[in-house]
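Residue-level structural notes
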Amino acid sequence: MKEIALPFDPVLRSHEVEHQVMSGNRRKYYRFRATGFYGGIVTADAVGCSFLCAYCWNYRRNLSPEKEGSFFSPDEVADKLLFLARRSGLNQMRISGAEPILGEDSFGHLIEVLRLLAEKAPGSRFILETNGLILGQSRKFARSLSEFKNLMVRVCLKATDREKFQLITGASRDYFFQPIQALLFLKEYGVDFWPALTADLFGNEEINRFRTFLLANSVRAELELEELIVYPFVEENLKSREIKFGRRQ
Ligand code: SF4
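Here is a short report on the structure shown in this document. Please read these numbers as outputs of a predicted model, since none were measured by experiment. (Residues numbered from 1 in each chain as written. Predicted model: local features only at pLDDT ≥ 70, side-chain atom pairs only at ≥ 80, totals over all residues. Heavy atoms only, no water.)

1. Some thoughts on the packing of aromatic side chains
- Scanning all chains against the criterion turns up eleven aromatic pairs.
- Look at F210 and F213: their rings are 5.9 Å apart centre to centre, the planes differ by 20°, and that puts the pair in the stacked class. Residue F210 and its partner F213 are both found in helix 8 (residues 204-216); the two are separated by three residues, about one turn of the helix.
- A residue is classified by how much of its surface remains accessible, and F210, at 2% relative accessible area, is buried.
- Aromatic rings pair up to connect F51, F165, F176, F177, F210 and F213 into one cluster.
- Positioned above the aromatic ring of F8, the side-chain terminus of R13 is 5.4 Å from the ring centre.
- Sitting above the plane of the Y30 ring, R61 keeps its charged end 3.8 Å from the centroid. (Phe/Tyr/Trp six-rings, centres within 6.5 Å; stacked < 30°, edge-to-face > 60°. Helix = DSSP H or I, 4+ residues; strand = E, 2+ residues; numbered from the N terminus. Buried < 20%, exposed > 50% of the residue type's maximum accessible area, 1.4 Å probe, protein only. Lys NZ or Arg CZ within 6 Å of the ring centre and 35° of its normal.)

Right under this line is the structure:
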């Protein structure tokens, strides 16, 4: 498998990866499907992320996104999602497996997909799953997202402190606060959002301290505690980065 030096600068990585997964306004996806998450949701699985989380279920593809998937225009993505939604009787949609916002180009692609879906299926809901890194870099992204009333943003926070953030994501600890800044920008522009955390990597005390920290930073939304799915390769990645897992008291 490809080696990557840790920790890396995730903003630089975002821009490099964006270059690999965007061509004009087309982005790389490798699968379109209906899944049972969120009570049933149609999903476009993309490649390319600013982080390289030890537990990422799409780790191999996100390590080498240049080798994976094919380019799809916003029209093609929206049409595939709408086709699957009609066929499966679902009205929720998302992009998964990757970070939708890597920079201006991928954000432009996402906005175009959102506009098409809002136009063609006004009663549908789009759940934007993001790691919040680039979203927390400038308030202009949250401002643009506030145009969509059918949008909910799930910001996957990676850790309760800077050291674990670096260990888990592979990205420099200096960027720990940026996803939390994303929550503040979303709040400022009235975008519906909620933060999530993979609970099995932290003790109860760490989680409670983190909740207090979010509250102290005016984030009042409920913190979703997500369960870790430990595939064999995830277990190996966690061990190689010396990350302890299993919910601790
Ligand atoms: S942020 Fe999400 S998509 Fe990106 S590496 Fe981490 S788990 Fe995978």
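2. Notes on the pairing of strand 7 (residues 151-157)
- Of all seven residues that make up strand 7, six are buried, and the element is covered over most of its length.
- In the sheet, strand 6 (residues 125-130) pairs with strand 7 via five bridges, with the strands oriented parallel. Of the residues in strand 7, the one forming a bridge with E129 is R154.
- Regarding topology, helix 5 (residues 139-145) serves as the crossover connection from strand 6 to the parallel strand 7, and that connection is right-handed.
- Where strand 7 meets strand 8 (residues 192-198), six bridges bridge the pair, whose relative direction is parallel. In the strand pairing of strand 8, L157 is matched with L197. (Pairing = 2+ DSSP bridges. Right-handed = clockwise from strand over helix to strand, strands pointing away.)

3. Observations regarding the pairing of strand 3 (residues 41-46)
- Burial of strand 3 is extensive: six of the six residues sit out of reach of the surface.
- With burial as the criterion, each face of strand 3 is covered, one bearing I41, T43 and D45 and the other bearing V42, A44 and A46.
- Of the strand pairs in this sheet, strand 2 (residues 26-35) and strand 3 are connected by six bridges, and their pairing is antiparallel. The residue of strand 3 that forms the bridge with R33 is T43.
- Taking the residues that link successive antiparallel strands as the turn, the strand 2-strand 3 hairpin has five residues, and the phi of Y38 there is positive, at about 55°.

4. With respect to helix 6 (residues 162-169)
- Every buried residue of helix 6 is accounted for by F165, Q166, I168 and T169.
- N-cap assignment for helix 6: the residue whose side-chain oxygen lies 3.0 Å from the backbone N of E163 is D161.
- One or two residues past the end of helix 6 sits G170, with phi positive at roughly 85°. (Polar contact = N/O pair within 3.5 Å; in protein donor to acceptor, adjacent residues only side chain to side chain.)

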